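Each chain is listed here by its residues.
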Amino acid sequence: MFEKLSKYIGENIKLLVDRPDGTYCFRLHNDRVYYISERILKLATNISRDKLVSVGTCFGKFTKTLKFRLHITALDFLAPYAKFKVWVKPGQEQSFLYGNHVLKSGLGRITENTNQYQGVVVYSMSDVPLGFGVAAKSTQECRRVDPMSIVVFHQADIGEFIRSEDTLT
């Protein structure tokens, strides 16, 4: 899980745990990883694990093959600490929010020195976080590719709240 988080925020994981408003931690419950304040965690110990549905913010889940899959609910915590960012043009925003990859023609800006297959947070041109994905091309390759090439592979977006609201709990 920390390996996946470090793809997006690098060594800033420490800032997620030691925050100015208290200490936070990650807890595994029913194959899902939750991000929770230690104060609330102590209160949750009064509830038995089999009766507890969720506690804190769900960051992701482990699949049946034990791979960690990051959920869109983690976006609010990843966005402020993201090392690599991509901004999409207004016309590309809706396409990304429907679950499509970002094409070169819809790319507004990209952080310098982004490597290929690096985790990126996708923003609108007005700096609103829309989701996250994986860079299909490095920053240098993005300058040379044709407009219909994929530059960011889609992984999650805020449109998932509507498309998959029954499975995000």
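Residues numbered from 1 in each chain as written. Predicted model: local features only at pLDDT ≥ 70, side-chain atom pairs only at ≥ 80, totals over all residues. Heavy atoms only, no water.

Within an unreviewed UniProt entry, the label attached to the protein reads 60S ribosome subunit biogenesis protein NIP7 homolog, and the organism entered is Esox lucius. Recorded in UniProt under Function (unreviewed entry), the annotation for the protein is "Required for proper 34S pre-rRNA processing and 60S ribosome subunit assembly." What UniProt records for the protein under Subcellular location (unreviewed entry) is the sentence "Nucleus, Nucleolus". (UniProt positions renumbered as here; feature names shortened; annotations may be inferred.)

Asker: Got a minute to help me understand a nonpolar patch on the surface in this structure?
Answerer: Taken together, the side chains of Tyr117, Ile150 and Phe153 present a nonpolar region at the surface, about 270 Å² in accessible area. Mapping Ile150 onto the fold places it in strand E11 (residues 150–157). (Patch = residues over 30% accessible without salt bridge, like charges linked within 9 Å, V, L, I, M, F, W, Y side chains within 5 Å. Areas by Shrake-Rupley, 256 points an atom, 1.4 Å probe, with all protein chains shown as cover. Salt bridge = Lys/Arg side-chain N within 4 Å of Asp/Glu carboxyl O. Helix = DSSP H or I, 4+ residues; strand = E, 2+ residues; numbered from the N terminus.)

Asker: Hey, could you run me through the sheet that holds strand E5 (residues 68–70) in this one?
Answerer: Sheet strands pair by backbone hydrogen bonding; their relative direction is either parallel or antiparallel. Reading across the sheet, the five strands line up as E1-E2-E3-E4-E5 and stay open at both edges, with antiparallel pairing between neighbours. Because the sheet does not close on itself, it has two edges, and the strands there are strand E1 (18–19) and E5. The sheet contact formed by E1 and strand E2 (residues 22–29) spans two bridges and is antiparallel. Considered in E2, the bridge of Arg19 is made with Gly22. Packed on one face of the sheet, helix H1 (residues 2–9) meets E2, strand E4 (57–62) and E5 and runs near 35° to E5. (Pairing = 2+ DSSP bridges. Contact = heavy atoms within 4.5 Å. Axes fitted to C-alpha atoms, helices over the stretch in contact; angles between N-to-C directions.)

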